[in-house]
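Here's the letter readout for the chains.
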Amino acid sequence: MSLMENIQQVKQKIKKACEISQRNENEIKMIAVTKYVDIEQTREILELGIQHIGENRVQHALPKYEALSSMGVWHFIGHLQTNKVKQVIGKFDYIHSLDRLSLAEAIDKRAKQLQTKVKCFIQVNISGEESKGGVNPAELIDFCKSIRQYDSIQVIGFMTMAPNIKNQDLIRSVFRGLREWRDQINQEKIFSEPLEELSMGMSNDFEIAIEEGATFIRLGTVLFKN
Ligand SMILES: *Cc1c(COP(=O)(O)O)cnc(C)c1O
C-alpha cells in the first residue's frame with residue numbers, strides 16, 4: 001500500500017466513525033506522527049495535504065522541523081524534558097504533554113522571552129498505568145487551577161493514551177473518561193475559556209476515540225505501513 005492509499009483508507013474510517021457518532025468530519029484533525037520516517041517521507045505526507053505533524057522526541061523532530069517548518073503545523077506529543085523546552089518553544093505550535101508544574105514554569109518562562117503564547121494540552125493519565133505520563137485524575141482540578149498563573153500558556157484541552165490492549169470497552173472507557181473530565185472542568189469554569197480539544201486515539205484505537213469525542217487523533221503506523 002502506498003502512503004496515499006493509507007491516507008484514503010484512514011479517511012474512510014474517520015468518515016465511518018463520524019457517521020456512527022453523528023459528528024462532523026471537520027471536527028477531527030489528523031496528526032501524522034512521523035517518528036518512524038525520515039525527512040523525505042515527512043515531506044511526502046505534507047505534499048499529500050496532511051498539515052499536522054507530530055513528533056515525540058526533540059532530537060528526531062528538529063531536523064524535520066528545520067527542513068520543512070513552513071509546510072506544516074508542528075505538534076510535540078512526547079514526554080518533554082524541562083531542559084529541552086528551549087529547543088521546542090517558538091517552533092512547535094502545540095505541546096500535547098504538559099503534565100507537571102515545573103514544565104509549565106519552563107514553558108511559560110521561555111514563551112515570555114519570545115513574547116509568544118503556547119497552545120498546550122494537559123496530559124491526563126486516565127488508565128492509571130505506571131508506564132504512562134500524565135496528571136493523576138484525582139489531582140487534575142488542582143493542577144488546572146495552578147496552571148492558570150502561567151499566562152503565556154494557553155490550555156486548549158486534554159490529551160491521553162489508552163492502554164495497548166484488545167479490550168475495546170476498556171479503551172472506550174479511557175477516552176470517555178477524558179471527555180468527562182474536560183466537560184467537568186468546563187462546567188466548573190476553571191479556565192476563562194472552555195476547553196474545546198481532546199487529543200486521543202492512535203492507529204489501533206482512533207475510531208473509538210472519535211466516537212468518544214476526539215478532536216485531534218495522532219496516527220503513525222497506520223499511515224506509514226507498507
Ligand atoms: C507514537 C505515538 C503515536 C502514534 O502511534 P501509532 O500507534 O503508531 O499510531 C501517538 N501518540 C504518541 C504520544 C506517540 O508517541
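- The name given to the chain in an unreviewed UniProt entry is Pyridoxal phosphate homeostasis protein, and the organism recorded there is Tepidibacillus fermentans.
- Per its UniProt entry, the chain bears the Cofactor (unreviewed entry) comment "pyridoxal 5'-phosphate".

Some details on the site of the ligand
At step 1: Neighbouring residues of the ligand: Val-33, Lys-35, Tyr-36, Asn-56, Ile-77, Met-161, Met-202, Ser-203, Arg-218, Leu-219, Gly-220 and Thr-221.
At step 2: One of the side-chain nitrogen or oxygen atoms of Lys-35 is found 2.8 Å away from an oxygen atom of the ligand.
At step 3: Measuring from an oxygen atom of the ligand, one finds a side-chain N or O atom of Ser-203 at 2.5 Å.
At step 4: Considering the ligand on its own, with 390 Å² of exposed area, one finds that the protein chains cover 91% of that surface.
At step 5: Residue composition of the shell around the ligand, by class: six nonpolar, four polar and two charged.

Description of the UniProt feature "modified residue: N6-(pyridoxal phosphate)lysine" (unreviewed entry) in the chain
At step 1: In the numbering adopted here, UniProt assigns the feature "modified residue: N6-(pyridoxal phosphate)lysine" (unreviewed entry) to Lys-35.
At step 2: Mapped onto the elements of the fold, Lys-35 is located in the loop between strand 1 (29-33) and helix 2 (39-47).
At step 3: Take Lys-35: its relative accessible area is 33%, and that puts it in the partly exposed class.
At step 4: Dropping the residues within four chain positions of it, Lys-35 is found in contact with Gly-54, Glu-55, Asn-56 and Lys-64.

A look at the pattern of salt bridges
At step 1: In this structure the tally under the stated criterion is 14 salt bridges.
At step 2: For Arg-172, the salt bridge is made with Glu-211, and the minimal N-O distance between the two is 2.9 Å. One end of the pair, Arg-172, is in helix 7 (residues 168-187); the other, Glu-211, is in helix 8 (residues 206-211), with 39 residues separating them in the sequence.
At step 3: Through salt bridges that share partners, Arg-172, Arg-176, Arg-179, Glu-211 and Glu-212 make up one connected network.

Let's talk about the nonpolar core
At step 1: With 69 residues, the main nonpolar core has Ile-122, Phe-158 and Leu-223 as its most contacted residues.
At step 2: Ranked by residues supplied to this core, first place goes to helix 1 (residues 3-20) with six residues.
At step 3: Not counting residues up to four positions away in its chain, the partners in contact with Ile-122 are Leu-98, Val-135, Leu-140, Phe-143, Cys-144, Ile-147, Val-155, Gly-157, Phe-158, Met-159 and Phe-191.
At step 4: Ile-31, Tyr-94, Phe-121 and Met-159 belong to the second-largest nonpolar core, a separate cluster that totals seven residues.

A word on the packing of helix 6 (residues 140-147) against helix 7
At step 1: Where helix 6 meets helix 7, the axes come as close as 11 Å, and the angle between the chain directions of the two elements is 55°. Considering the angle they form, helix 6 stands oblique to helix 7. Like other packed secondary-structure pairs, helix 6 and helix 7 cross with a definite hand, here right-handed. Every residue of helix 7 that contacts helix 6 at Leu-140, Ile-141 and Cys-144 is listed here: Trp-181, Gln-184 and Ile-185.
At step 2: Residue composition of the contact of helix 6 with helix 7, by class: five nonpolar, one polar and no charged.

Each value, and the rule that gives it
Residues numbered from 1 in each chain as written. Predicted model: local features only at pLDDT ≥ 70, side-chain atom pairs only at ≥ 80, totals over all residues. Heavy atoms only, no water. UniProt positions renumbered as here; feature names shortened; annotations may be inferred. Near = heavy atom within 4 Å. Polar contact = N/O pair within 3.5 Å; in protein donor to acceptor, adjacent residues only side chain to side chain. Areas by Shrake-Rupley, 256 points an atom, 1.4 Å probe, with all protein chains shown as cover. Nonpolar A, V, L, I, M, F, W, Y, C, P; charged D, E, K, R; others polar. Helix = DSSP H or I, 4+ residues; strand = E, 2+ residues; numbered from the N terminus. Buried < 20%, exposed > 50% of the residue type's maximum accessible area, 1.4 Å probe, protein only. Contact = heavy atoms within 4.5 Å. Salt bridge = Lys/Arg side-chain N within 4 Å of Asp/Glu carboxyl O. Core = buried A, V, L, I, M, F, W, Y, C linked by side-chain atoms within 4.5 Å. Axes fitted to C-alpha atoms, helices over the stretch in contact; angles between N-to-C directions. Parallel < 35°, antiparallel > 145°, perpendicular 65-115°, else oblique. Left-handed = near helix turned anticlockwise from the far one by under 90°.

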